[in-house]
Amino acid sequence: QRQETAAPRAAGKPRVALVMKSLANEFFLTMENGAQAHQQAHAADYDLLSNGIKDELDVSKQIELVEQMIAQRVDAIVIAPADSKALVPACLKAQQAGIIVVNIDNQFDAAVLAQSGAKFPFVGPDNRKGAKMVGAYLARHLKPGAPVAIIEGVPSAFNGVQRQLGFEDAMNAAGMKIVSSQSGYWETDKANQVVAALITEHPDLQAVLCANDSMALGAVAALRAAGKLGSVKVVGYDNIAAVQQLLREGKVLATADQHADRLAVFGIEYALEMLRTKSAPADRETPVDLVTAPAQ
Amino acid sequence: MTSVAPLLTVTGLGKSYAAPVLVDVSFDLRRGEVHALVGENGAGKTTLARILAGLTRPDAGALTLRGQPYAPRGKAEAERHGVRMVMQELNLIGHLTVAESIFLARLPHRLGWIHYRRLNAAAREILETVGLGDLDPARAVKSLGVGQQQLVEIAAGLSRRCAVLILDEPTAALTDPEVERLFAQIHKLRAAGTGILYVSHRLEEIQRIADRLSVLRDGRMIATREQRRPARETGPTPAPLSLDEIVRLMVGRELGQAIRREPNPPGPVALRVRGLRSGAVVRDVSFEARRGEILGFAGLMGSGRTETMRAIFGADRRAAGDIFLHGSAEPARLASPRDAVRHGLALLTENRKEQGLFLPLPIRANITLMALRRFSRRGGWVRDTRERREAGRWLQTLSIRCRSTEQRVAELSGGNQQKVVLARWLLRDCSILIFDEPTRGIDVGAKFEIYQLLSRLAGQGKAVILVSSDLKELLAVCDRIAVMSAGRLTATFRRDEWTQDKIMVAALSGYGRESAE
Amino acid sequence: MTASPQPASAPRPSAWPRLLTDYLGMALALTALVLVFSLSTEHFFSATTFRTIANQIPSAVLVATGMTFVLVIAEIDLSVGSVLGLCSAVLGVALTRWHWPLALAVGGALAVGAVCGGFNGAVTVRWRLPSFIVTLGMLEMARGGAHAVTQSQTQYIGSAIEGIAGTSLYGLSLPFLLAMALVLVGQLVLSRTVFGRYLVAVGTNEEAVRLSGIDPRPLKVTVFVLAGLLVALAAVIDTSRFESANPNAGTGFELQAIAAAVIGGTSLMGGRASVISTFFGVLIIAVLNSGLAAVGAKDETKRLVTGAVIVAAVIVDHYRHRIGRGRG
Amino acid sequence: MTASPQPASAPRPSAWPRLLTDYLGMALALTALVLVFSLSTEHFFSATTFRTIANQIPSAVLVATGMTFVLVIAEIDLSVGSVLGLCSAVLGVALTRWHWPLALAVGGALAVGAVCGGFNGAVTVRWRLPSFIVTLGMLEMARGGAHAVTQSQTQYIGSAIEGIAGTSLYGLSLPFLLAMALVLVGQLVLSRTVFGRYLVAVGTNEEAVRLSGIDPRPLKVTVFVLAGLLVALAAVIDTSRFESANPNAGTGFELQAIAAAVIGGTSLMGGRASVISTFFGVLIIAVLNSGLAAVGAKDETKRLVTGAVIVAAVIVDHYRHRIGRGRG
Ligand SMILES: Nc1ncnc2c1ncn2[C@@H]1O[C@H](COP(=O)(O)OP(=O)(O)OP(=O)(O)O)[C@@H](O)[C@H]1O
Ligand SMILES: Nc1ncnc2c1ncn2[C@@H]1O[C@H](COP(=O)(O)OP(=O)(O)OP(=O)(O)O)[C@@H](O)[C@H]1O
Ligand SMILES: [Mg+2]
Ligand SMILES: [Mg+2]
């Protein structure tokens, strides 16, 4: 269906560019697949051009993608910014070029928006709230004062920081002791190393809160290797396919589902609506659901 | 007596690496003289020269230059004092042009931008002096052959006025005409008052050009003798040394008679080459080499001898021509050196540093590489005791001067490095052996040993091909001499047919034809 | 006596006629890419696209130019991406948090780049270490520094810095013009100045250079400092373009810069390099990225194609050289 | 006439006494690290910590061993991380989606590693290209392949594959024992077999090897295939350890493996390498990571320290060599 976007488009059919974060990340891929499915169902209404960057750190590539989309003269850009500040000027440029811009997934920084005088409708989840929900669920399985550790995402990633804050909110509210909070760089391998070292250093550790599920997999492996699989609880975030089995087996206690498949679709629908009505709809928070082991 | 006031003196010089290399060496160099320095491989000649040129620091002893203490801390400082050296090993920079290499440390420039017109003109002038007048100075150095590179290096050395010029085996890769031109330059410098230290293993040359001669043996100065009576001097001076005396002093014992080979009855044809063409140089070469004979290859520099041998050996692609081995009527398939070695060919290349040696590896590994399988158990595990024993045997056979089989080849003197490569091929035991300049940088004693070795190999029924720029060497050891000129084999002479003149005529004959084409 | 059948009009080291053959391969490869993309999408072949690409590449061009100089002396600099991040971070923090005037902040960023380059060069030279490992260390350290300086937060600067990357001639940005000028100057420096020839010499045979009485060490340090400065300049440009400083800026730049240089025929063994060819290398990568984005290729397709094009480009270069060799 | 004063007890090429001096520097560095961390945390110095580290490093050891062989022939392999990802992906998908039996799936993963290595080697050798750029291409392609195969989804495998990395002797895993065995075998192969000696020669002077009638090309291809196989083995181990296959697995592994080898004194110029030293290099990096995590260091501190330790390690190695040279 990708070739369709390449073919000459029917006159007047709007072209929507979906600019994603790393498509190497399952979450964003699910998002994109949802968008593709939506486009197929509404093939008569618009064309979709979707692109992502190699890894989330490569912000400048994403900015360049936006610039290329401006050069391509698309009608609307739906963007999940890799950086909530750095992408603002590029999107502002797009807006000035008459392109509709809709912000999804990761909300632009309010201060920067105010400073630059830009405004983009936002459709997306509240990561902090989601993380707090997961943390609160975990807290119910722990005694107050229990030592816990947080495995963060990439230190500069906005949603990573939000999730960390959410975890902290929940832990503090329940009176847990956060003994360490370190980055696992979103990666299984790195998280595994950190957790392995942590459980040795803090033998009484009760739980590990991971900012995504890939890192939860690494944490589980570290616990298994140390023979602490049952005694230390693990929670994750994102609800990727691989974590389902772990939830069922009780190796991961809970995770959060942000309904990735619907996220981009909401954004696209917003953009199409704006193209039709020429007016900006209000921000919209999408749901985050707590996912726990099915049997429990 | 003022005319012989020493320009440079050396007293009590000592230098050791793991073992002493120079021991209490004293000598002096006068203004306007050619002072030859001879000695066996590893005697310490290069080390002494390097100390003078600021490349190596001595452990003991003192130097003076024009009466002043002189202790250069680097080549640059030595040159500021007017001491220059042309190195034994090639040290050119392949990606630069010839002109840039010659003038590297003092490129003419305006605000850093090189003045190429001036540079190339100056380079052309200097190249002229060594007979490379028609070489384009803007050509990349890496496109030149070894001989031309050596000439360029000499040209770079001659390019600036200096008080002391050290030439370390400048003629090792040169043929007679280039040597003549070099001598003409040396005469000019001598007349201008430059003191020249001339290191060489070619004793005939030394007899022709040296005013004085010093002999090093095992790092000790054995003798210094006037070879030519200084013009203004009267009174008794010791008689100049004869060739035999020089050799005796160098080696410390009598050498056997120069080889007079009893020519073997020619055996069956081992290698037949027909209509060989390769690259831009080799145009038409046909010859045959027989078992039991030594076939020499003479020719001027750039005549294509090296390229011919490389093409036969499969190291370069052949454009045309067939090679028949061991009397077979079918042309042999020699697409790579691997094929060649499997068919019993060996090629000792002329450029040992780039194409032969593994400098950072121990001598042992260099010698045994091609025969490793012979010292290994099933599964390829090397039996290192046997390996070391074998390597040690070759150290002895070829008189390689070193500390042990485990010494790194990079630490050996030039001549001894050459012998290490030689040992590798001899250990492999091939039936057709091609030696390209095998005595380049090798001392008389060792040269004789190599000649003897060649005869012995021929006597064992091997076919030996010897490429050499030293015509006297060819005349001494070969049964037949093939002469190449401008990429063609123009004549072949048997021992009873050849004269030096005939060979020179054949060597020049191809060039007329070339321009007629 | 010597057989050197060279015509009198032998090509000078960088005479114009040679341009054609030297850059023909690259130009062809580039044209082919543009053609393919133009045929497969509607909007690719347009002035806007080319202008966009032109305004995107300056920082890559600067970094790759610096890398070319490092490669020509047979060294490598893996830290360029991280140092870019650090310079950008310093610039951003200086402007937003310390409220330095723009000129001072830019000067600070350049100084940081020079210091990092100087460290790379000095350590490499002083202890004769492989620059690969020294700059790998710097890669980690500079990135750590960038995060430390910014506390891992992107610094939004806003229009204060917009001017630098602002549009000028025919929609071409100042940085682009600067980058073009630098490529030309770089090429000339490499091929026509004493400094440049010394670098080629050092990369070919460092020992021989030393024996000629030229100390290669200051030359090498200079090259690393130069590379650091160019990286810092690239950081300033990018920061201005994005109006923000990101501590992760430049991640993975090192491999991209090396790829650009090598696609352009620069040898990793030193001694052989051309800044103009590197520029072509950057262009090829940029057009590839842009074209693949225009087509909306899947991520895995992009990676497969990028990898294949990199390999194909050097294979093509191999044949161009063969032909070149056969000819001369 | 010959001065070959070889004492009967001349040092043998790899005699035991030399072990001491050869690995002394590394061992000291390692001890120092352990000491620092033991003093600065409560529980670091414990059997658990060392067992944990031992069970984490096998895949890194395998990859670094392969890299050492590649480096000894003066080549480089930047694709190891991506190929690890691809092998892991194939293994995961074969088990979860295609329902292959474990042995077959593992065989498939090994085959993929060998093919990738074979491609690297064949292209490098056939067109005489720098392996840097060929394997850079492979880096992109293999990662693209990993994403294509898994559709970018982590494949959870579960206990089906647990067995491979399962615990065995004294809490030491099978992979660790395997890795140790491989290090020993690798070292012996490199220093005592004809194959290993050829590799050292190729890395020192390839042209001389060719002219000695030994074709370096099959040797080089073999080395790349070997490296690919070891990477695939590492992928199997990691997949088993995590019970899941992640298409992003191994990101950045290439630099880590090279760093380990170079810290261990392997030369990037070829001809000098030791698998045991590489093992020490891996250990140093692993202890550093583990210790910094135990201390709970900030991310930027981790990077700063890691970078500094890498540089410091090679500087120390420089002095060790100097002493070694002075002595012998
Ligand atoms: N850097 C070094 N380390 C150890 N030993 C060395 C070093 N340089 C030279 N030697 C040793 O010093 C001795 C003298 O070497 P030198 O190069 O001076 O000999 P030479 O007289 O020039 O011989 P040749 O005629 O073969 O060139 C040799 O035995 C050599 O092995
Ligand atoms: N790599 C190369 N590329 C181009 N030309 C070369 C190359 N190597 C050698 N030549 C040319 O081949 C010719 C032979 O070079 P060289 O100076 O080595 O002669 P030689 O070895 O002394 O003599 P002979 O070739 O007879 O052995 C020269 O004309 C030289 O320019
Ligand atoms: Mg010498
Ligand atoms: Mg020759």
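Computed from a predicted model, the values in this text were never measured in an experiment.

Student: Looking at this model, I keep getting lost on empty space enclosed by the protein. Mind explaining?
Tutor: Summary: where empty space remains is shown by rolling a probe the size of a single water molecule over the atoms. In total, this model carries 19 cavities of 30 Å³ or more according to the counting rule given. Considering only enclosed or pocket space, the second largest cavity measures out at about 340 Å³ in volume. Around the second largest cavity, the lining is made up of 22 residues, and of these Lys75(B), Arg84(B), Ser101(B), Ala156(B) and Ser212(C) lie nearest the centre. Among the elements of the structure, α2 (75-80), β6 (83-86), α3 (98-102) and α5 (146-158) of chain B together with α9 (206-211) of chain C are those that each provide at least two residues to the lining of the second largest cavity. For the lining of the second largest cavity, a count of residues per class yields 12 nonpolar, 4 polar and 6 charged.

Student: Got a minute to help me understand the domain arrangement of chain B in this structure?
Tutor: Interface size is commonly expressed as the accessible surface area that is lost when the partners come together. Residues and elements named next belong to chain B. By the assigned domains, chain B splits into domain 1 (6-234) and domain 2 (269-516). Between domain 1 and domain 2, the C-alpha centre-to-centre distance is 29 Å. The interface of domain 1 with domain 2 comprises 25 residues on the first partner and 28 residues on the second. Taken over both partners, the interface formed by domain 1 and domain 2 buries close to 2200 Å², and the fraction arising from carbon and sulfur atoms is 51%. For the pair domain 1 and domain 2, the interface holds 2 salt bridges. Close ionic contact of Arg401 with Asp218 constitutes a salt bridge, the shortest N to O distance being 2.3 Å. Looking at the side of domain 1 that touches domain 2, the elements that each hand over two or more residues are α5, α6 (176-191) and α7 (203-209). It is α5 that contributes the most residues to the side of domain 1 that touches domain 2, 4 residues altogether. Tallied by class, residues from the side of domain 1 that touches domain 2 come to 9 nonpolar, 8 polar and 8 charged.

Student: Whenever I open this one, the sheet that holds strand β2 (residues 20-30) of chain B confuses me. Can you help?
Tutor: What links the strands of a sheet is backbone hydrogen bonding, and the strands pair in either a parallel or an antiparallel sense. Residue and element names in this part refer to chain B. Taken in spatial order, the 4 strands of this open sheet run β2-β1-β4-β5, and their pairing is antiparallel. Two strands bound the open sheet, and with one partner strand each, they are β2 and β5 (68-69). Each of β1 (6-16), β2 and β4 (60-65) touches helix α1 (residues 45-52); the most contacted strand, β2, lies at about 60 degrees to it.

Student: Explain the coordination of the magnesium ion (ligand 4) here, please?
Tutor: Perfect tetrahedral coordination of a metal by four donors corresponds to 109.5 degrees between them, and perfect octahedral coordination by six donors corresponds to 90 or 180 degrees. Residue and element names in this part refer to chain B. Protein coordination at the magnesium ion (ligand 4): the donors are Thr306 (OG1) and Glu350 (OE), at 1.9 to 2.4 Å from the metal. Separated by 44 residues along the polypeptide, Thr306 in helix α9 (residues 305-313) and Glu350 in the loop between β17 (345-348) and α11 (352-355) bring together distant segments of the chain. Overall, the relative accessible area of 16% leaves Thr306 in the buried class. Taking relative accessible area as the criterion, Glu350 reaches 15% and is therefore assigned buried.

Student: Can you help me understand the interface of chain A and chain C in this one?
Tutor: Taken together, the contact between chain A and chain C spans 39 residues of the former and 36 residues of the latter. Both faces combined, the contact of chain A with chain C buries some 3200 Å², and carbon together with sulfur accounts for 48% of it. A salt bridge links Arg241(C) to Glu67(A); the shortest N-O distance between them is 3.2 Å. Applying the counting rule to chain A against chain C returns 11 residue pairs in polar contact (both at pLDDT 80 or more). Mapped onto the side of chain A that touches chain C, the elements with two or more residues apiece are α1 (2-6), β2 (47-53), α3 (59-71), α4 (88-96) and α5 (110-116) of chain A. Among the elements that take part in the side of chain A that touches chain C, α3(A) stands out by supplying 10 residues, more than any other. Taken together, the residues of the side of chain A that touches chain C break down into 18 nonpolar, 10 polar and 11 charged.

Student: Help me understand the packing of aromatic side chains, please; the structure alone is not making it clear to me.
Tutor: Going through the model one piece at a time under the given rule, you end up with 16 aromatic pairs over all chains. Measuring from ring centre to ring centre gives 6.1 Å for Phe448(B) and Tyr451(B), while their planes differ by 85 degrees; the resulting arrangement is edge-to-face. Separated by 3 residues within a single helix, Phe448(B) and Tyr451(B) lie in helix α15 (residues 444-459), roughly one turn from each other. Judged by its relative accessible area of 8%, Tyr451(B) falls in the buried class. Both rings, one in Phe37(C) and one in Phe44(C), keep their centres 5.6 Å apart while their planes meet at 50 degrees; by these two values the pair is tilted. Classification of Phe37(C) as buried rests on a relative accessible area of 6%. Here a set of aromatic residues connected by ring pairs shows up, and it is made of Phe37(C), Phe44(C), Phe45(C) and Phe50(C). One cation-aromatic arrangement involves Arg284(A) over Phe266(A); the distance from NZ or CZ to the ring centre is 4.0 Å. Across from the ring centre of Tyr17(B), 5.1 Å away, lies the NZ or CZ of Lys15(B), which sits over that ring.

Student: Would you explain the site of ligand 1 in this entry?
Tutor: All names here are of chain B. Taken together, 18 residues are adjacent to ligand 1, and Gly42, Thr46, Thr47, Ser413 and Gly415 come closest. One nitrogen or oxygen atom from the side chain of Asn41 is found 2.8 Å from an oxygen atom belonging to ligand 1. Contact distances for ligand 1 include 2.8 Å between an oxygen atom and a side-chain N or O atom of His201. Protein chains bury 85% of the 640 Å² of accessible surface belonging to ligand 1 in isolation. For the shell around ligand 1, the secondary-structure elements that each account for two or more residues are α1 and α14 (414-428). In terms of residue count, the dominant contributor to the shell around ligand 1 is α1 (3 residues).

Definitions and limits used
Residues numbered from 1 in each chain as written. Chains lettered and ligands numbered in written order. Predicted model: local features only at pLDDT ≥ 70, side-chain atom pairs only at ≥ 80, totals over all residues. Heavy atoms only, no water. 1 Å grid on protein atoms, 1.4 Å probe; cavity = no way out; pocket = protein on both sides within 12 Å on 5 of 7 lines; lining within 4 Å. Points joined across faces, edges and corners; volume = space filled by probe spheres on them. Helix = DSSP H or I, 4+ residues; strand = E, 2+ residues; numbered from the N terminus. Nonpolar A, V, L, I, M, F, W, Y, C, P; charged D, E, K, R; others polar. Domains from an automatic or database assignment. Contact = heavy atoms within 4.5 Å. Buried area = accessible area lost by both parts, 1.4 Å probe. Salt bridge = Lys/Arg side-chain N within 4 Å of Asp/Glu carboxyl O. Pairing = 2+ DSSP bridges. Axes fitted to C-alpha atoms, helices over the stretch in contact; angles between N-to-C directions. Donors = N, O, S within 2.8 Å, 3.2 Å for Na, K, Ca; no water. Buried < 20%, exposed > 50% of the residue type's maximum accessible area, 1.4 Å probe, protein only. Polar contact = N/O pair within 3.5 Å; in protein donor to acceptor, adjacent residues only side chain to side chain. Phe/Tyr/Trp six-rings, centres within 6.5 Å; stacked < 30°, edge-to-face > 60°. Lys NZ or Arg CZ within 6 Å of the ring centre and 35° of its normal. Near = heavy atom within 4 Å. Areas by Shrake-Rupley, 256 points an atom, 1.4 Å probe, with all protein chains shown as cover.

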